[in-house]
Amino acid sequence: MARQESPARHRIMATASALFYAEGIHAVGIDRIIAEAGVAKATFYHHFPSKDELVRAYIEDQGRLQRAAIAGVPGDGPRERLLALYDALGEWSRQPGFRGCMFINAAAEYPDPAHPVRQAVAAQRAWFRSTVRDLVAAAGHPEAERIASILVLLRDGLAVGADLDDPEVLKGVVREAVLRALGEHVQI
């Protein structure tokens, strides 16, 4: 049975998630999170002994949310699910307030691969890569590992490009790139 999350912990996580994504992890201090979450300092430290523990929990929580969202992507087969997944990624990147990928953003702020936050990011990336690889393999592609690597890089590029470039232009380009990675001929 899953442990019931306390209302205070939930407020801390919701506040930290919004602030970390909007402003950056290192730019947001514990005192601000405590104030905006409306919790006592002792309550904060009861749930999170350090800011790094909070950041690790944030990454893991965002990973669970992403997994649930991706599980809900429709498709009548692995190829269609893969295309729908990248279409959904493109749509998510066009939402107001989009500021790139929270996992890439966190990795940029925690460059040490041995750090627990960076390890949480690596675990999420490994899950995403294996999900894509499994879809590519199920679609019958003989080079699922290589194509998955290409598609993960495409996802990373989409997450960064949509924040820097016109996301409307990227929409068609992303689908074309997925189809080309799968070896399908695309008319330009």
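How each quantity is defined
Residues numbered from 1 in each chain as written. Predicted model: local features only at pLDDT ≥ 70, side-chain atom pairs only at ≥ 80, totals over all residues. Heavy atoms only, no water. Helix = DSSP H or I, 4+ residues; strand = E, 2+ residues; numbered from the N terminus. Contact = heavy atoms within 4.5 Å. Areas by Shrake-Rupley, 256 points an atom, 1.4 Å probe, with all protein chains shown as cover. Lys, Arg positive; Asp, Glu negative; His and termini not counted. Charge placed at Lys NZ, Arg CZ, Asp CG, Glu CD. 1 Å grid on protein atoms, 1.4 Å probe; cavity = no way out; pocket = protein on both sides within 12 Å on 5 of 7 lines; lining within 4 Å. Points joined across faces, edges and corners; volume = space filled by probe spheres on them. Nonpolar A, V, L, I, M, F, W, Y, C, P; charged D, E, K, R; others polar. Axes fitted to C-alpha atoms, helices over the stretch in contact; angles between N-to-C directions. Parallel < 35°, antiparallel > 145°, perpendicular 65-115°, else oblique.

Mind showing me how you'd approach the overall build of the protein here?
When helices and strands are tallied, the protein shows nine helices and zero strands. Tracing the protein from N to C terminus, the helices and strands come up as α-α-α-α-α-α-α-α-α. Seen along its three principal axes, the alpha-carbon backbone of the protein occupies a region of about 60 × 40 × 30 Å. Intrachain contacts of the protein at a sequence separation of at least 6 include 65% that bridge at least 24 residues. Carbon and sulfur atoms provide 57% of the accessible area of the protein, an area that totals close to 10,000 Å². Counting 22 positive and 24 negative side-chain charges, the protein places the averaged centre of each group 3 Å from the other.

Could you clarify how one ought to interpret the layout of surface pockets in this entry?
The gaps left among the atoms become clear once a water-sized probe is rolled over them. Space inside the largest pocket adds up to approximately 450 Å³. Along its surface, the largest pocket is lined by 18 residues, and Gln-66, Trp-92, Phe-98, Gly-100 and Met-102 are the ones closest to its centre. At the level of secondary structure, the elements contributing two or more residues to the lining of the largest pocket comprise helix 1 (7-23), helix 4 (51-71), helix 5 (78-92) and helix 8 (144-164). Ranked by residues supplied to the lining of the largest pocket, first place goes to helix 4 with five residues. Of the residues that constitute the lining of the largest pocket, the class distribution is twelve nonpolar, five polar and one charged.

How should I be thinking about the packing of helix 4 against helix 5 in this particular structure?
Packed helices, taken two at a time, are described by the angle their axes make and the gap between the axes. Where helix 4 contacts helix 5, the axes come no closer than 10 Å and their chain directions differ by 125°. When the interaxial angle is binned, helix 4 and helix 5 end up oblique. Between helix 4, through Ala-69, Ile-70 and Ala-71, and helix 5, the contact on the second element is made entirely by Arg-81, Leu-85 and Trp-92. For the contact of helix 4 with helix 5, the per-class residue count stands at five nonpolar, no polar and one charged.

Where do I start with empty space enclosed by the protein in this structure?
For the structure shown, the criterion picks out two cavities of 30 Å³ or more. Taken together, Gln-66, Phe-103, Gln-124, Arg-125, Phe-128, Val-152 and Arg-155 form the lining of the largest cavity. Ranked by the residues each element gives to the lining of the largest cavity, the list is headed by helix 7 (residues 116-138), at three residues. Its residues placed into classes, the lining of the largest cavity shows three nonpolar, two polar and two charged. If you add up the space inside the second largest cavity, you get close to 40 Å³. Around the second largest cavity sit Tyr-86, Asp-87, Gly-90, Glu-91, Lys-171, Val-174 and Arg-175, which together line it. Listed by contribution, the elements that provide at least two residues to the lining of the second largest cavity are helix 5 and helix 9 (167-181). Considering each element in turn, the lining of the second largest cavity owes the most residues, four residues, to helix 5. Of the residues in the lining of the second largest cavity, the class split is two nonpolar, one polar and four charged.

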